[in-house]
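One-letter residues, chain by chain:
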Amino acid sequence: MRASSLLLPTLALLAGCNAPPRTQLQRAESAYLRACSGCHGPRGDTGAAAAARLARTPADLSDRALQARLSDEELKHVIRHGRGAMPPHGANLSEQDVELIVLWVRTLPLR
Ligand code: HEC
């Protein structure tokens, strides 16, 4: 069984039965890895490793409670403007990058 035969239906649920094409997901993953994984880790849950050099431990992005608390618009706001000890990323990311990163962050609790 190909991995995508499981992955795509799962994502279809997340995206309101409108599964994004794989190429878009790959772009979303690389945008996340470039901009976020240095502090939050490749799976969103290893931020503790970055805590030593930051004022606060980066949030666990794979946490379902955190995901439920933040709407897509709030996530975009945090990415663009930062929050607390998290620096802003708006200057380095296109509008499309921000959208793709939100898409990828929403898949992290499933990984
Ligand atoms: C330089 C390290 C760093 C980078 C890079 C970084 N973050 Fe963070 N992030 C943090 C820290 C530290 C916190 C905790 C902030 C606090 O509680 O003061 C955080 C918190 C968050 C939160 C939780 C906000 C809340 O309301 O609780 C989200 C969501 C988030 N980051 C998403 C991202 C995304 C998406 C990216 C990539 C665009 C990213 N972060 C890049 C350090 C980083």
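Residues numbered from 1 in each chain as written. Predicted model: local features only at pLDDT ≥ 70, side-chain atom pairs only at ≥ 80, totals over all residues.

1. Focus: the overall build of the chain
Part 1 of the reasoning: Across its full length, the chain carries seven helices and zero strands.
Part 2 of the reasoning: The order of α-helices and β-strands along the chain, N terminus first, is α-α-α-α-α-α-α.
Part 3 of the reasoning: For the chain, the residues scored as buried account for 20% of the 111 residues in total. (Helix = DSSP H or I, 4+ residues; strand = E, 2+ residues; numbered from the N terminus. Buried ≥ 20, exposed ≤ 12 C-beta atoms within 10 Å, placed from the backbone.)

2. Thoughts on the site of the ligand
Part 1 of the reasoning: Taken together, 23 residues lie near the ligand, and Cys36, Cys39, Ala59, Gly84 and Met86 sit nearest.
Part 2 of the reasoning: For the shell around the ligand, the elements supplying multiple residues, two or more each, are helix H3 (37-40), helix H6 (72-81) and helix H7 (95-107).
Part 3 of the reasoning: Here the shell around the ligand is composed, by residue class, of 17 nonpolar, four polar and two charged. (Near = placed C-beta within 6 Å. Nonpolar A, V, L, I, M, F, W, Y, C, P; charged D, E, K, R; others polar.)

3. Quick word on helix H2 (residues 22-35)
Part 1 of the reasoning: End to end, H2 covers 20 Å across 14 residues, agreeing with the expected 20 Å (1.5 Å per residue, within 8%).
Part 2 of the reasoning: Taken residue by residue, H2 has Ala28, Ala31 and Tyr32 as its buried positions. The arc that holds the buried residues of H2, viewed along the axis, is 100°, so those residues lie on one side. Away from its buried face, by an angle of more than 90 degrees, H2 presents the exposed residues Arg22, Thr23 and Gln26. (Expected span 1.5 Å × (residues − 1). Arc of directions from axis to C-beta.)

4. Thoughts on the confidence of the model for the chain
Part 1 of the reasoning: For the chain, mean pLDDT is 85; residues scoring 70 or higher make up 78% of the total.
Part 2 of the reasoning: Looking across the chain, the model is least confident in helix H1 (residues 4-14), with a mean pLDDT of 56, and most confident in H6, with 98. (pLDDT = per-residue confidence, 0-100.)

5. Examining the packing of H6 against H7
Part 1 of the reasoning: Taken N-terminus to C-terminus, the directions of H6 and H7 make an angle of 120°; their axes are 10 Å apart at the nearest point. One way to sum up the angle between H6 and H7 is to call them oblique. As H6 runs across H7, the sense of the crossing is right-handed. Taken together, the residues of H7 that come into contact with H6 (itself represented by Asp72, Leu75, Lys76, Ile79 and Arg80) are Val98, Ile101, Val102 and Val105.
Part 2 of the reasoning: In the contact of H6 with H7, the residues fall into six nonpolar, no polar and three charged. (Axes fitted to C-alpha atoms, helices over the stretch in contact; angles between N-to-C directions. Parallel < 35°, antiparallel > 145°, perpendicular 65-115°, else oblique. Left-handed = near helix turned anticlockwise from the far one by under 90°. Contact = placed C-beta atoms within 7 Å.)

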